[in-house]
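# Residue-level structure breakdown
If you want the building blocks of each chain, they are given just below.
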Amino acid sequence: MFSALMDAARNSPFKTPFTKAQCDAPAGSAGPLVRGRTIAAAASEEVEFGSTKFFLLCGVGGIISCGSTHTFVVPLDLVKCRLQVDQAKYKNVFHGFKLTLAEDGAKGLVKGWAPTFFGYSAQGAFKFGLYEVFKVQYANMLGEENAYLYRTWLYLGASASAEFFADMALSPFEAAKVKIQTTPGYANTLREAFPKMMGEEGVMAFYKGLVPLWCRQIPYTMMKFACFEKTVELLYAYVVPKPRDQCSKGEQLLVTFAAGYIAGVFCAIVSHPADVVVSKLNQAKGSSAIDVAKQLGFMGMWNGLMPRIIMIGTLTALQWFIYDGVKVALNIPRPPPPEMPESLKKKLGVQ
């Protein structure tokens, strides 16, 4: 399997930015890369683009970026979930924080940190690692010219495929997290919640929310990756006042953060109704996603949108910033914004 992936990567339209000779070439020299698009950080003697090590290290970057950021915003996530399942008790974000502190103290704000950390670390490994795998595979299937012309569809397809598997790893932990955070007295820790859920509902307790989780996370991830990739492309083309190869690593990471936040706002909006259903479904024993959706109604599925925009916007920006930072630190190849292939320029008469 991995040998096939490596062959695909070597023949991929995404290959050319990553070879050491190209990345080390001076900006003004004749070479395959367009002036202003080389990245010094991409040069690496140890990590070959498309190698098994490359994909595994991308997975490690996903673990670090997703596990750390989701754990960091557990207090906001807890209040958001409580707003979604009990709007009558928790009036708004500030009231939710105040009430939680009054009832449970400061310790109550970090309830559910363990399933959050382990669940989203597992999800991050699959999300980012498999995204790189599928992006290479699909680009190779399309060919260099079509991969450029239909790159947005390529990003959407690769991210959707990756998230499909990532949610299978996340689902058990997400179910436990919601139980801990929204059902008073049910469990205080992951070690308490898992056996209790298994005893009451069996294995399905951990996967009954998988379909709505897919409905929430797949559109979210498609928007997260496609919007990010296109925003980075547009920022360097129209906003950043100098070519990318003239930007320092810090400046490149700031562009990454800005693009990540913009993508995060759109992510939160498109995935919010399904997020509310998942929260309510894991709280309500024996209910189906359709039952919960009918009970909530259209307006009810938008409860807690503002705190989620703040949370997801910040999360997405930090995740991309950390992921890109890990790539820099580990000398993992980082692609520049895509350029039109020379063969396509000749066909279209583009200079």
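Residues numbered from 1 in each chain as written. Predicted model: local features only at pLDDT ≥ 70, side-chain atom pairs only at ≥ 80, totals over all residues. Heavy atoms only, no water.

## Observations regarding the overall build of the protein
Formally: Per the convention used, a helix needs a DSSP run of H or I reaching at least four residues, while a strand needs a run of E reaching at least two, with both numbered from the N terminus. For the exposure calls, accessible area comes from a 1.4 Å probe over protein chains only, and a residue counts as buried if that area is under 20% of its type's maximum, exposed if over 50%, partly exposed in between. Throughout, a contact is declared for two residues whenever any of their heavy atoms are within 4.5 Å. Each accessible area is a Shrake-Rupley estimate made with a 1.4 Å probe; only the visible protein chains count as cover when residues are assessed.
In terms of regular secondary structure, the protein is built from 15 helices and zero strands. Taken over 351 residues, the protein has a buried fraction of 54%. In the protein, the share of contacts with a sequence separation of at least 24, taken over all contacts with a separation of at least 6, comes to 78%. Put simply, the protein shows about 15600 Å² of open surface, and 66% of that area lies on carbon and sulfur atoms.

## A closer look at the confidence of the model for the protein
Defined as follows: Confidence scores per residue from the predictor, reported as pLDDT, run from 0 to 100.
When pLDDT is averaged along the protein, the result is 83; 85% of the residues meet or exceed 70. Mean pLDDT across the elements of the protein bottoms out in helix α2 (residues 20–24) (38) and peaks in helix α6 (residues 113–142) (95). Low confidence marks residues 16–44, where pLDDT is under 50. Its contacts with residues over four positions away, or in another chain, come to 51 contacts.

## A closer look at the nonpolar core
Spelled out, the test is: Side-chain atoms within 4.5 Å link the members of a nonpolar core, which is a set of buried Ala, Val, Leu, Ile, Met, Phe, Trp, Tyr and Cys residues.
Grouped together as the largest cluster of nonpolar side chains are 31 residues, with contacts concentrated most on F54, F128, Y131, F228, Y236 and W320. Counting residues per element, this core draws most heavily on helix α11 (residues 210–239), which supplies seven residues. V73, V79, L99 and A268 belong to the second-largest nonpolar core, a separate cluster that totals 15 residues.

## Description of the packing of α11 against helix α14 (residues 305–329)
How we decide: Angles run from 0 to 180 degrees between N-to-C directions of axes, and those axes are lines fitted to C-alpha atoms, restricted for helices to the stretch in contact. If an angle is under 35 degrees, it is roughly parallel; if it is over 145, roughly antiparallel; if it lies from 65 to 115, roughly perpendicular; otherwise it is oblique. A crossing counts as left-handed when the near helix is turned anticlockwise from the far one by less than a right angle, and as right-handed when that turn is clockwise.
Packing of α11 against α14 brings their axes to within 12 Å, and their N-to-C directions diverge by 55°. Relative to α14, the element α11 lies oblique. Of the two elements, α11 crosses α14, and the hand of that crossing is right-handed. When α11 is examined against α14, the residues R216, Y220, K224, F225 and F228 are found in contact with a partner set consisting of R308, I312, T316, Q319 and W320.

## Some thoughts on helix α3 (residues 52–72)
As a reminder, the rule being used: In this scheme, a helix's expected span is set at 1.5 Å multiplied by one less than its residue total.
For α3, with 21 residues, the first-to-last C-alpha span of 30 Å sits near the 30 Å given by 1.5 Å per residue. Buried within α3 we find F54, F55, L57, C58, G59, G61, G62, S65, C66, G67, T69 and H70.

## A look at helix α4 (residues 74–85)
One turn of the α-helix equals 3.6 residues, which is why residues spaced by three or four share an orientation. In a regular helix each residue adds 1.5 Å, so twelve residues correspond to 16 Å; α4 covers 16 Å between its end C-alpha atoms and thus fits that length. With eleven of its twelve residues buried, α4 lies for the most part within the structure. Buried residues of α4: V74, L76, D77, L78, V79, K80, C81, R82, L83, Q84 and V85, and no others.

## Some thoughts on unusual backbone geometry
Phi is positive for N331, close to 55°, though the residue is something other than glycine. Considering the arrangement of structural elements, one finds N331 in the loop between α14 and α15 (342–348). Overall, N331 belongs to the partly exposed group, its relative accessible area being 37%.

## Side note on the environment of E163
Examined against the element boundaries, E163 turns out to sit in helix α8 (residues 151–182). Taking the C-alpha atoms as reference points, E163 and M222, separated by 59 residues in sequence, lie 8.5 Å from one another. Residues contacting E163, with those up to four places away along its chain left out, are Q123, K127, W214, Q217, I218 and T221.

## Some points on the pattern of salt bridges
How we decide: Just to be clear on terms, a salt bridge is a Lys or Arg side-chain nitrogen sitting within 4 Å of an Asp or Glu carboxyl oxygen.
Applying the stated criterion across every chain, the model contains 15 salt bridges. A salt bridge links E233 to R151, with the nearest nitrogen and oxygen atoms 2.7 Å apart. Of this pair, E233 sits in helix α11 while R151 sits in helix α8, and the two are 82 residues apart along the sequence. On the accessibility criterion, R151 (11% relative accessible area) is buried. Linking E233 and K230 is a salt bridge whose minimum nitrogen-to-oxygen distance equals 3.9 Å. Of the two residues, E233 and K230 both sit in helix α11, three residues apart, roughly one turn of that helix. Judged by relative accessible area, E233 falls into the buried class, the value being 14%. Residue K230 is classed as partly exposed on the basis of its relative accessible area of 24%. In the salt-bridge network here, residues are joined through shared partners; they are D77, E174, K177 and R216.

## Points about the packing of aromatic side chains
Filter applied, for reference: Working definition: a ring pair exists when centres of Phe, Tyr or Trp rings (six-membered ring for Trp) sit within 6.5 Å. Plane angles under 30 degrees give stacked, over 60 give edge-to-face, the rest tilted. By definition, being over a ring means that NZ of Lys or CZ of Arg is both within 6 Å of the ring centre and within 35 degrees of the ring normal.
Enumeration over the complete set of coordinates arrives at 18 aromatic pairs. Residues F257 and F321 carry aromatic rings whose centres are separated by 6.2 Å and whose planes lie at 85° to one another, so their mutual orientation is edge-to-face. Of this pair, F257 sits in helix α12 (residues 249–283) while F321 sits in helix α14, and the two are 64 residues apart along the sequence. Given a relative accessible area of 31%, F321 falls into the partly exposed group. In textbook terms, an aromatic cluster arises when at least three aromatic residues are bridged by ring pairs, as seen for F128, Y131, F225, F228, W320 and Y323. Lying across the ring of Y148, R151 places its NZ or CZ 4.3 Å from the centre.

## A closer look at a nonpolar patch on the surface
Note the threshold: Like-charged residues are merged into a patch within 9 Å and nonpolar side chains (Val, Leu, Ile, Met, Phe, Trp, Tyr) within 5 Å, provided each residue has over 30% relative accessible area and no salt bridge.
Nonpolar side chains collect at one region of the surface, where V60, I63, I64 and L330 lie side by side and expose about 280 Å² of accessible area between them. Secondary-structure assignment places L330 in the loop between α14 and α15. Looking at L330, the relative accessible area reads 36%, which means it is partly exposed.

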